[in-house]
Protein chains: 2
Amino acid sequence: MPPHMNWPEFHASPPMAFTDVPGLQEGAVDDFEHSMGIEEFRKNAKDMVDWICDYYASNEKLPVRSEVEPGYLRPLLPKAAPQHPENFGSIMQDVQSKIMPGITHWQSPNFFAYFPSNSSFPAMLGDMLSTALSTVGFCWIGSPATTELETIVMDWLGKLLCLPTSFLAFDEQGKRGLGGGVIQGSASESTLVSVLAARARVAPEHASKLVAYSSDQSHSSIKKACMVAGIPYVRIIPASAEDDYALDPAALREAIEEDLRNEDLIPFYVCATIGTTSSCAVDPIAEIGRITRHYNLWLHVDAAYAGVTSMLPEYRHYFNGLELVDSFITNGHKWLLTNFDCSCMWVQNAEPLKTALSLTPAYLRAKGNSLDYKDWQVPLGRRFRALKLWFVMRSYGTDNIKKFLRHHVQLGQLFVSLIQTDARLEIMAPPRWGLICFAIRGPNNDATNEATAELLERINKSGRAFLVHTELSGRFVARMAIGGSLTQERHVRATWQLISECTTEVLAARAKFHKGV
Amino acid sequence: MPPHMNWPEFHASPPMAFTDVPGLQEGAVDDFEHSMGIEEFRKNAKDMVDWICDYYASNEKLPVRSEVEPGYLRPLLPKAAPQHPENFGSIMQDVQSKIMPGITHWQSPNFFAYFPSNSSFPAMLGDMLSTALSTVGFCWIGSPATTELETIVMDWLGKLLCLPTSFLAFDEQGKRGLGGGVIQGSASESTLVSVLAARARVAPEHASKLVAYSSDQSHSSIKKACMVAGIPYVRIIPASAEDDYALDPAALREAIEEDLRNEDLIPFYVCATIGTTSSCAVDPIAEIGRITRHYNLWLHVDAAYAGVTSMLPEYRHYFNGLELVDSFITNGHKWLLTNFDCSCMWVQNAEPLKTALSLTPAYLRAKGNSLDYKDWQVPLGRRFRALKLWFVMRSYGTDNIKKFLRHHVQLGQLFVSLIQTDARLEIMAPPRWGLICFAIRGPNNDATNEATAELLERINKSGRAFLVHTELSGRFVARMAIGGSLTQERHVRATWQLISECTTEVLAARAKFHKGV
């Protein structure tokens, strides 16, 4: 019997007849009572605040990477939801004893994996408020402040990042422009939306010919966006170590020219990156922008991690050419103290976005010519995400935010200098911002790569730090990504100590193995 | 000068040389200090808890729909982010005086617009925890508990909804199946993912021939999903008042047969709805499922609002045929006490999802054969959303959750009986669950429609309730959507009073107008 056949038909009672109502006497419908009243919530929520404070006071002592085995949790929990209410205390006991061992601590100051995913107290306060109000601001009237604060805060951040005025919703004179900012859930969604906007500028009958371009160092989300959008061709241009893993504009131009000679192909979109995931490579935006303007392609710039440093004069030159860019993103939830999710996206012209994403049935029609962010994103519903970003910018102030970024850059420099004291290790790409790629020194062969992989696993297994790897020119490379909200000098120094000790152990074990066998 | 030209090139300082480091002396890198320390956060967060309690104790007195004008907020806020830190108190003052007037109160017990978007105290506690941990659980090792609790809680909910076992991740014997649940951000994303999975079962060279089907009562997100995915054809089948606005299986079969005779078309996907947005119509799932199985089309069931009532025996018959369905969604954030975002999606076989959505670069590779939810969704990053659903199910217990749903159904019945006492109004579609469509009685013409529109605006302008409209067979119809977490009998009765009074006013004004002019 196929699995879909073993399910009985239900011939149960028809829906209650609506004529047979409980009666019109007041009180005939019993009030449902919530399991947790306001006073109980007040107490529980304050206990939760204390729990959170304890967590932040002590999370550097916890093993950073969870060491549970896949499937650890299922045997620890009941097979079905309880029939009767359970109290907050017993849920929190389970959080402590069953959930916490399975948490990888992204907020630990010793978390150096992936990219940082910042949290901060002001952002958490903004998020509490957002959750409490629980507005669903897909259209302006659905909750005007939800939409308007987002536009304003994205202008604030755009100005702080010195974005060209055309990316702002309003110029200095208060005139509404064609562009503006929107908070997406993730960089992947921002990238997808940029692909859709780019496609919307091309006649639909050409959909099967479209070609997108990026370097092989771009984030995987560009491929995924094209898969989702059904873009048939993504041309991945190899970036080499000689170019510090940046996209070579000449190679891009050549690829476009080649595709233009093929009548079955239509180049339409380029994704460039400022701060690639593997090594924080920086594609030359101005040169690429001149190419995309020349061929009339959409240029999207993914600066998910490093984009926030556009506010620092010493990094502004990386952002030269932004005036030639159609869409630009940086993630507030990576390195701007704003808890996930907060992917900040700007466009110079929102019309292609709306062409790609707007359809307005009667029950969603807006008041006047107000802005409906549903037409700027894939989902309909959306949280009041602007609150947390607003709380962060006001609570820190721009001076402090700059100091925060520079602090991590300095920690990165410190880490580089520490690595350089150790001849057993080498730095594998130009260190940028807080990202340093390193490996055990040696020829590019399996033995060296295995040694670095062993080193990484030994570090992570210790629980004292968590790093992940990448591949650069075929080398297995460890990535030290500095930028956690709580990371300070002593954490970087301690992690360096750990790396040094683990290197000794790995090399000793390998020497013994080679001698012994 | 075109706008993109007025932006200067930056020739600023090159990035700091990494050899020129601050030195290796400990303490050489100054520690950055956060603007808000743990003790300050503890105090502020507890103040926020008190604010939230006050809000929930009093939000029924606030005007439900915000009455601000578009653009109200910009003149009230500075043009740029502050340079120096501002304290929590001054931010909260602005929340109170500037943000709150622009809030439409989705959590007011007098909010009857769109569909409900439930909030509850246990969900808010779970969300606080999720924000504090701020894990980004895109892959299993990124935070094992984040992934595993989601699988478990989605099995809990799937069982409670009596879904066929094939939708669960694990059967009663603990055997892993092909299917399972995932929490998406919104129903729109769930629908998009279902379209992508369906497309993944068809050879890519047929992409330009694909046809999706739904009734004209399906949610707009199906059209948007097809726009995003680049699906060329969406056949919208009209549903009539005679069928209570349900999709007619015979019409569906006919449309598919017709398209199959055209060699340029390939039917691949049907979206059916249990509880349409306009009138809570119910498409006949079993009949549609037999058709989609026959023609090998993907069947997606969107039960965003009403799907939770699959746990009530009196509604189970609407869900007959789920064993023939490929993907099923209901939103925890609509009518299941779980704050946005929490769109619960199940599939019988996750393989097509992964085909559609998985690509795994080196830095994201998973440990063993564990589950990586990034392969089940469009974004890479994801919040720990399962916590809030887990908190809700445990804090309420299944008995109470059922009582919660039935309470709103009874309130709906009460509202129907109240409307029926008033000959000036008529019910425009079979009322189902908490949704009642009504209008001012009259012929289907502009005058009647205008009267109903005036009635609705008068209700909303009062601030005492918020309802939105839809169109049914060309009629302008008011929708009373009952299901707010805090809505009780007295709110429904008061809103009925308001409707009655406003009806009197509208009819009097119109009579006067017609007499006078």
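Nothing here was measured: the structure is a model prediction, and the numbers come from that model.

Turning to the overall build of chain A, a few remarks are in order. Scanning chain A from N- to C-terminus turns up 13 helices and eleven strands. Taken over C-alpha atoms, the radius of gyration comes to 26 Å for chain A, in line with the 24 Å a tight globule of 517 residues would show. Summarising its shape, the C-alpha atoms of chain A cover approximately 90 × 65 × 60 Å along the three principal directions. Across the 517 residues of chain A, 66% fall into the buried class. Residue pairs at least 24 apart in sequence account for 75% of intrachain contacts in chain A once pairs closer than 6 positions are excluded. With an accessible surface of roughly 17500 Å², chain A has 53% of that area assigned to carbon and sulfur atoms. One finds the centroid of the 48 positive side-chain charges in chain A at a distance of 4 Å from the centroid of its 56 negative side-chain charges.

Below, the discussion takes up the interface of chain A and chain B. It is common to report an interface's size as the accessible area lost on association of the parts. The interface of chain A with chain B comprises 202 residues on the first partner and 201 residues on the second. Around 18100 Å² of area is buried between chain A and chain B when both sides are counted, 64% of it from carbon and sulfur atoms. A salt bridge links D50(B) to K46(A); its shortest N-O distance comes to 2.9 Å. The leading source of residues in the side of chain A that touches chain B is helix α11 (residues 386-419) of chain A, at 21 residues. Its residues assigned to classes, the side of chain A that touches chain B comprises 103 nonpolar, 59 polar and 40 charged.

Moving on, we come to the relation of the copies chain A and chain B. Note on the copies: chain A fits chain B at an RMSD of 0.0 Å, the axial shift is 0.0 Å, and the rotation between them is 180°. What the superposition gives is, in effect, a two-fold axis relating one chain to the other. Among all residues of chain A, the one whose C-alpha sits closest to the rotation axis is A229(A), at a distance of 2.2 Å. When the interface residues of chain A are mapped onto chain B, 99% of them are again interface residues, pointing to one common binding face.

So, on to the pairing of strand β4 (residues 266-273) of chain B. Look at any regular strand and the pattern is simple: side chains alternate between the two faces of the sheet. Residues and elements named next belong to chain B. Most of β4 is tucked away, with seven of its eight residues classed as buried. Relative to β4, strand β2 (residues 210-215) runs parallel, the two sharing five bridges. Residue pairing for β4: Y213 is matched across the bridge by V270. Pairing of β4 with strand β5 (residues 298-302), which is carried by five bridges, proceeds in the parallel orientation. Bridge assignment links A272 to a residue of β5, and that residue is V301. In this region the chain leaves β4, passes through helix α8 (residues 285-295) and returns to the parallel neighbour β5; the handedness of that crossover is right-handed.

Bringing the environment of Q410(B) into the picture now. Residues and elements named next belong to chain B. By the secondary structure assignment, Q410 is in helix α11 (residues 386-419). Residue Q410 is classed as partly exposed on the basis of its relative accessible area of 30%. In sequence terms Q410 and L265 are 145 residues apart; their C-alpha atoms lie 46 Å from each other.

Our next topic: the UniProt feature "modified residue: N6-(pyridoxal phosphate)lysine" (unreviewed entry) in chain A. Residue and element names in this part refer to chain A. UniProt marks K334 with the feature "modified residue: N6-(pyridoxal phosphate)lysine" (unreviewed entry), using the numbering shown here. Structurally, the position occupied by K334 is in helix α9 (residues 332-335). When near neighbours in sequence (up to four residues on either side) are disregarded, K334 contacts F115, P116, S117, N118, A304 and Y305.

Residues and elements named next belong to chain A. Across the five residues that make up strand β7 (residues 343-347), a large majority, five, are buried. By the alternation rule, side chains of β7 split into S343, M345 and V347 and C344 and W346, which are all buried. With five bridges joining them, strand β1 (residues 180-184) and β7 adopt antiparallel strand pairing. Following the sheet pairing, V182 is matched in β7 by M345. The pairing of strand β6 (residues 327-331) with β7 spans five bridges and is antiparallel. Opposite F328, over in β7, you have W346 as the bridge partner.

This part is about the domain arrangement of chain A. Taken domain by domain, chain A consists of domain 1 (38-102), domain 2 (136-384) and domain 3 (398-516). Each of domain 1 of chain A and domain 2 of chain A was reduced to a C-alpha centroid, and the two centroids are 38 Å apart.

Summed over all chains, the structure comprises 50 aromatic pairs over all chains. Both rings, one in Y373(B) and one in W376(B), keep their centres 5.5 Å apart while their planes meet at 80°; by these two values the pair is edge-to-face. Sitting above the plane of the F115(A) ring, R479(A) keeps its charged end 5.0 Å from the centroid. Lying over the aromatic face of F170(A), R74(B) brings its terminal NZ or CZ to 3.9 Å of the ring centre.

The pairing of strands in a sheet comes from backbone hydrogen bonds and takes either a parallel or an antiparallel form. All names here are of chain B. Strand order in the open sheet made by the seven strands is β1-β7-β6-β5-β4-β2-β3, with mixed pairing throughout. Every interior strand has two partners, whereas the edge strands, β1 (180-184) and β3 (233-237), have only one. Each neighbouring strand pair of the sheet contributes to a mean axis angle of 20°, computed without reference to strand direction. Contacting β4 and β5, α8 runs over the sheet at an angle of about 160° to β5.

To continue, consider unusual backbone geometry. The general pattern is negative phi for most residues beyond glycine and trans for most peptide bonds. Of the consecutive residues F340(A) and D341(A), the connecting peptide bond is found in the cis state with omega at 10°. Its identity is not glycine, yet Y245(A) carries a phi of approximately 65°, on the positive side.

The next thing to look at is the sheet that holds strand β11 (residues 475-481) of chain A. Residues and elements named next belong to chain A. Pairing is antiparallel in the open sheet, where four strands are placed in the order β8-β9-β11-β10. Lying at the two open borders of the sheet, with one neighbouring strand each, are β8 (425-427) and β10 (468-472). Each adjacent strand pair in this sheet contributes to an overall mean axis angle of 40°, direction not counted. Of the pairings in the sheet, the one linking strand β9 (residues 435-440) to β11 comprises four bridges and is antiparallel in character. Directly across from F438, in β11, lies its bridge partner A478. Contacts from α11 reach β8, β9 and β11 within the one sheet, and its direction differs from that of β9 by about 15°. Running at roughly 30° to β11, helix α12 (residues 446-461) makes contact with β8, β9, β10 and β11 of the sheet.

We now examine the environment of L73(B). Within the secondary structure, L73(B) is located in the loop between α1 (38-58) and α2 (88-99). Expressed as a C-alpha distance, the spacing of L73(B) and W106(B), which sit 33 residues apart in the sequence, is 20 Å. Every residue in contact with L73(B), bar those within four places of it in the chain, is listed here: A145(A), E148(A), L149(A), I152(A), K98(B) and I99(B).

What follows covers the side chain of S134(A). Within the element layout of this structure, S134(A) appears in the loop between α3 (121-133) and α4 (144-160). Residue S134(A) is classed as buried on the basis of its relative accessible area of 4%. Polar contacts involving the side chain of S134(A) include one to the side chain of N339(B), which spans 3.2 Å. Those residues in contact with S134(A) that sit more than four places away from it in its chain are W106(B), Q107(B), S117(B), S119(B), N339(B) and F340(B).

The rules behind these values
Residues numbered from 1 in each chain as written. Chains lettered and ligands numbered in written order. Predicted model: local features only at pLDDT ≥ 70, side-chain atom pairs only at ≥ 80, totals over all residues. Heavy atoms only, no water. Helix = DSSP H or I, 4+ residues; strand = E, 2+ residues; numbered from the N terminus. Rg over C-alpha atoms; globule rule 2.2 N^0.38 Å. Buried < 20%, exposed > 50% of the residue type's maximum accessible area, 1.4 Å probe, protein only. Contact = heavy atoms within 4.5 Å. Areas by Shrake-Rupley, 256 points an atom, 1.4 Å probe, with all protein chains shown as cover. Lys, Arg positive; Asp, Glu negative; His and termini not counted. Charge placed at Lys NZ, Arg CZ, Asp CG, Glu CD. Buried area = accessible area lost by both parts, 1.4 Å probe. Salt bridge = Lys/Arg side-chain N within 4 Å of Asp/Glu carboxyl O. Nonpolar A, V, L, I, M, F, W, Y, C, P; charged D, E, K, R; others polar. Least-squares fit on C-alpha atoms with pLDDT ≥ 70 in both. Pairing = 2+ DSSP bridges. Right-handed = clockwise from strand over helix to strand, strands pointing away. UniProt positions renumbered as here; feature names shortened; annotations may be inferred. Domains from an automatic or database assignment. Phe/Tyr/Trp six-rings, centres within 6.5 Å; stacked < 30°, edge-to-face > 60°. Lys NZ or Arg CZ within 6 Å of the ring centre and 35° of its normal. Axes fitted to C-alpha atoms, helices over the stretch in contact; angles between N-to-C directions. Polar contact = N/O pair within 3.5 Å; in protein donor to acceptor, adjacent residues only side chain to side chain.

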